[in-house]
Protein chains: 2
Amino acid sequence: MPTLVMKFGGTSVATLDRIRRAAKRVGREVANGYDVIVIVSAMAGKTNELVGWVEETSPIFDAREYDAVVSSGEQVTAGLMALTLQEMDIPARSWAGWQVPLKTNSAHSQARIEEIPPDNINAKFAEGMRVAVVAGFQGISPEGRITTLGRGGSDTTAVAFAAAFGAERCDIYTDVDGVYTTDPRITSKARKLDRIAFEEMLELASLGAKVLQTRSVELAMRYKVKLRVLSSFDDNDETAGTLVCDEEDIVESNVVAGVAFSRDEAKMTLLSVADRPGIAAAIFGPLAEAGVNVDMIVQNISEDGRTDMTWSLPVNQIARAEKAMAAAKSSGEVNFAELVTDDGVAKVSVVGIGMRSHAGVASQMFKALRDEGINIKVITTSEIKISVLIDRKYMELAVQALHDTFGLDKPA
Amino acid sequence: MPTLVMKFGGTSVATLDRIRRAAKRVGREVANGYDVIVIVSAMAGKTNELVGWVEETSPIFDAREYDAVVSSGEQVTAGLMALTLQEMDIPARSWAGWQVPLKTNSAHSQARIEEIPPDNINAKFAEGMRVAVVAGFQGISPEGRITTLGRGGSDTTAVAFAAAFGAERCDIYTDVDGVYTTDPRITSKARKLDRIAFEEMLELASLGAKVLQTRSVELAMRYKVKLRVLSSFDDNDETAGTLVCDEEDIVESNVVAGVAFSRDEAKMTLLSVADRPGIAAAIFGPLAEAGVNVDMIVQNISEDGRTDMTWSLPVNQIARAEKAMAAAKSSGEVNFAELVTDDGVAKVSVVGIGMRSHAGVASQMFKALRDEGINIKVITTSEIKISVLIDRKYMELAVQALHDTFGLDKPA
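Predicted model, so just to flag it, every value in this text is computed and none were measured.

**Looking at the UniProt feature "binding site: substrate" (unreviewed entry) in chain A**
All names here are of chain A. Mapped onto this structure's residue numbering, the UniProt feature "binding site: substrate" (unreviewed entry) falls at T47 and E74. Taken together, the annotated residues stretch across 28 residues yet fold into one region, lying no more than 8.6 Å apart by C-alpha. For T47, a relative accessible area of 15% puts it in the buried group. In this structure, E74 sits in helix 4 (residues 72-87).

Okay, structure coming up:
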């Protein structure tokens, strides 16, 4: 029988009623003829409770014990889901990560999946079991201890199972009904996408459209797993949600797939830096060591052996960045005239694989912003993305203007 | 290093503060030079929550899924206890039942322990680990699934570990400070026993002194594990609590160790039963099938081929017993004149290994009851116990009189 992977997040299994509702969706796919692997998260709130206890007990905790405690939440949901399916006369059983076994490395609390031997579960499918309910987010280390994959690891678990079992599709049930062209709170014209390419999803996810964990999308892209994101709260059919897939599976699409944004950004500029080989390393090394997440970087043209260096970072990391630069200056590592900080900017990006074959996207973007009187402070580009830093107060206006100019309210 | 097993029940680990308090006790034993195996229950209330979810999901549940869900509570406590000990700079780690592995049979939710190979834990002790924190109440079946040992199984886990590791002692921390000569709510003269023999503890436990699970005492007796029951809420030293031990380890003791009682008993008598071989089986077979827990049984002398048969049972099982007897009569299986039920009796017992070598305990007991004007309705005796059924209204008076007459308020 063909295999389907269905993943239910914490809000989709928050109560016994919601577990029943999720089980009914699983039952429909069983009736459709699938053997189903269900990946479950902990009931909403449970993981936070367990993490809270660990952190209160031991501020700098042993990650191996953290994993032993926190993994229990998914174990509970898996058992309850299996029982619910059995009540519906669907042959089902639960599997903890170590029972599958889902083998990981030993990097506790952020472990990487190494192997999922499908034999144990396939043997049960061969015996007539129709649903394997697997506790998400967890595995077993070479030392035989429980590992967890880090927050959002249940998405990654689901994709990894879909790859290991050659599943026809991996459906991620969540509390949104798909991926949108932009945040509907910014413009009511935002439209749900039927399909989106892996690469586009990666750019949108890392830019703040928090629908799918980045790692799970990367994994799906590598193994060409068709990923579908859909709501566990709507009644939906086979065409619901958004399919995240290989760009070859997208017949027609807009040049730009979506507009992403990040509100709380800051911009820093080092004025009159001595422009010598290794100067970038001398600046961004100390920033990285201070835990600053530098995003965009722009270097001005050099004049008289000196240049200006600009970068963006989250607003709440300004203090540590300034401290790192002051230290670099006083140690003589970096020679500069002044550090100028602008804590009132936001980042807006347009993303789309269509850009690869369409020239003029950048100029159309800049023109749309100019027409609204919005000044661009920094620009960076990649093959499928153009990002700009602008004054924060114009962010909503910029998103709306870009959504309009690229016609995102209408399907391709 | 010598090994000690310490078990903490649900109320002793109900909060992070109480876990810290328990960990301090463990730390003292580590300082005393012991390698310690700590057995923990789930935090008070957690098991009930998990059981409630299972029962609400599936009234007639798959016990394998029940075990997968319910065992998670102990896993959480074990991790938190290990973290707490690490914070005190004591090398510790947690072990789920399957990691030890504690091997059981496949009787899910009431599994029997089959083997505890000590190699894995001993290897860690050899590397310098000082405390192994083990999730109580759980193991792994031959099929690789999680099993639980049934309610109270954490006591049994503790004793089994003490036997498997040749521990010097098994300390059971609970919410009472030991075993008493009788319930202190009945008489303020009740006195905590320093030592009690396994056999006495078994008789007292099954009679209602719910300090230790019967199975754990049986196991301790078989493997000669010294069991100590003590409070986790008092500050106590090496002599605190009650030591449950082989009678050889009890130098001096009263003839009677304690007075037990059971309040809600009933008495049934079949009048004028045809006295033929197999009549007892014909009566008590149907009662057992109806789920009636028959306790005391007395058969009168036979006259003219007919006799009276009397037994005791819990009050709340009267209806089903009467139904079973009516059915046995109408089917012709049992021929009797009348069934008389007395729903107002209680059972009072005196227990003590000293009875074996001391005659006159029974007559002293009957005399004490007579002096209070208490009529005895049924008597049964064993080697170390004498039980009587009396009117329920005299129960407290009887317990007080027996406690006095055997001098239980004074040590031996």
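Continuing now.
**Focus: the relation of the copies chain A and chain B**
Both copies of the chain are related through a single rotation about an axis accompanied by a shift along the same axis. In screw terms, the move from chain A to chain B is a rotation of 179° and a rise of 0.1 Å along the axis, fitting with an RMSD of 0.2 Å. Taken together, the turn and the small shift mark the pair as related by a two-fold rotation axis. When each C-alpha of chain A is compared by its distance to the rotation axis, A:S72 comes out closest, at 2.8 Å. A share of 100% of interface residues in chain A that are also interface residues in chain B marks the association as one of identical surfaces.

**Describing the sheet that holds strand 9 (residues 169-174) of chain A**
Within a sheet, each strand pairs with its neighbour through backbone hydrogen bonds, oriented either parallel or antiparallel. Residue and element names in this part refer to chain A. Spatially, 3-6-2-1-9-11-12-10 is the arrangement adopted by the 8 strands of the open sheet, whose pairing is mixed. Because the sheet does not close on itself, it has two edges, and the strands there are strand 3 (92-95) and strand 10 (195-197). Going across the sheet, the axis of each strand differs from the next one's by a mean of 20°, ignoring polarity. Looking at chain direction, strand 9 and strand 11 (residues 227-231) are connected through 5 bridges and run parallel. The residue of strand 11 that forms the bridge with Y173 is L230.

**Looking at the interface of chain A and chain B**
Across the contact, 38 residues belong to chain A and 38 residues belong to chain B. Carbon and sulfur atoms make up 60% of the surface buried where chain A meets chain B, a total of about 3,200 Å² over both sides. Of all residues in chain A, the largest losses of buried area upon contact with chain B belong to A:T57, A:L83 and A:W98, amounting jointly to 19% of the total for that side. Summed over the shared surface of chain A and chain B, the number is 2 salt bridges. Among the salt bridges present, the one from B:K46 reaches A:E49, with a minimum N-O distance of 3.6 Å.

**So, helix 12 (residues 395-405) of chain A**
All names here are of chain A. Listed as buried for helix 12 are M395, A398, V399, A401, L402 and H403. Buried positions along helix 12 lie against strand 13 (258-274), strand 16 (338-351), helix 11 (361-371) and strand 18 (385-391). Taken from the residues just after helix 12, G407 is the one with a positive phi, measuring 60°.

**Comments concerning the confidence of the model for chain A**
Averaged over chain A, the pLDDT score is 92; the fraction of residues at 70 or greater is 98%. This complex was scored by the predictor with a pTM of 0.83 and an ipTM of 0.81.

**Some points on the pattern of salt bridges**
Applying the stated criterion across every chain yields a total of 52 salt bridges over all chains. Sharing partners across several salt bridges, the network here consists of A:K46, A:E49, B:K46 and B:E49.

**Overview of the packing of aromatic side chains**
Counted by the stated rule, this structure contains 9 aromatic pairs over all chains. Between the aromatic rings of A:F61 and A:Y66, the centroid separation amounts to 4.8 Å while the plane-to-plane angle is 15°, which identifies the pairing as stacked. Residue A:F61 is classed as partly exposed on the basis of its relative accessible area, which comes to 27%. Aromatic pair B:F284 and B:W311: ring centres 5.4 Å apart, planes at 80°, arrangement edge-to-face. Residue B:F284 is found in helix 9 (residues 279-289), and its partner B:W311 is found in strand 15 (residues 306-314); the two are separated by 27 residues along the sequence. Residues B:F284 and B:W311 agree in their burial class; the two are buried. Between the NZ or CZ atom of A:R93 and the centre of the ring of A:W95, over which it lies, the distance is 3.6 Å. One cation-aromatic arrangement involves B:K329 over B:F336; the distance from NZ or CZ to the ring centre is 4.7 Å.

**What to know about the domain arrangement of chain A**
Splitting chain A by domain gives domain 1 (3-175) and domain 2 (259-405). The C-alpha-based centres of domain 1 of chain A and domain 2 of chain A are spaced at 40 Å.

**Observations regarding helix 2 (residues 46-57) of chain A**
Relative to the 16 Å expected for 12 residues at 1.5 Å per residue, helix 2 of chain A spans 17 Å between its end C-alpha atoms, a close match to the ideal helical length. Inspection of helix 2 of chain A places A:T47, A:L50, A:V51, A:W53, A:V54 and A:T57 among the buried residues, and these make up the whole buried set. Burial along helix 2 of chain A is one-sided: seen end-on, the buried residues are contained in an arc of 155°. Considering only its buried residues, helix 2 of chain A is in contact with helix 3 (63-70) and helix 4 of chain A together with helix 1 (16-31), helix 2 (46-57) and helix 4 (72-87) of chain B.

**Here's the deal with the pairing of strand 9 of chain A**
All names here are of chain A. With respect to burial, strand 9 is a largely interior element, 6 of its 6 residues being buried. Neither face of strand 9 is open: one carries R169, D171 and Y173, the other C170, I172 and T174, and all of them are buried. Pairing of strand 1 (residues 3-8) with strand 9, which is carried by 5 bridges, proceeds in the parallel orientation. Along strand 9, the bridge assignment pairs F8 with Y173.

Cut-off values and rules
Residues numbered from 1 in each chain as written. Chains lettered and ligands numbered in written order. Predicted model: local features only at pLDDT ≥ 70, side-chain atom pairs only at ≥ 80, totals over all residues. Heavy atoms only, no water. UniProt positions renumbered as here; feature names shortened; annotations may be inferred. Buried < 20%, exposed > 50% of the residue type's maximum accessible area, 1.4 Å probe, protein only. Helix = DSSP H or I, 4+ residues; strand = E, 2+ residues; numbered from the N terminus. Least-squares fit on C-alpha atoms with pLDDT ≥ 70 in both. Contact = heavy atoms within 4.5 Å. Pairing = 2+ DSSP bridges. Axes fitted to C-alpha atoms, helices over the stretch in contact; angles between N-to-C directions. Buried area = accessible area lost by both parts, 1.4 Å probe. Salt bridge = Lys/Arg side-chain N within 4 Å of Asp/Glu carboxyl O. pLDDT = per-residue confidence, 0-100. Phe/Tyr/Trp six-rings, centres within 6.5 Å; stacked < 30°, edge-to-face > 60°. Lys NZ or Arg CZ within 6 Å of the ring centre and 35° of its normal. Domains from an automatic or database assignment. Expected span 1.5 Å × (residues − 1). Arc of directions from axis to C-beta.

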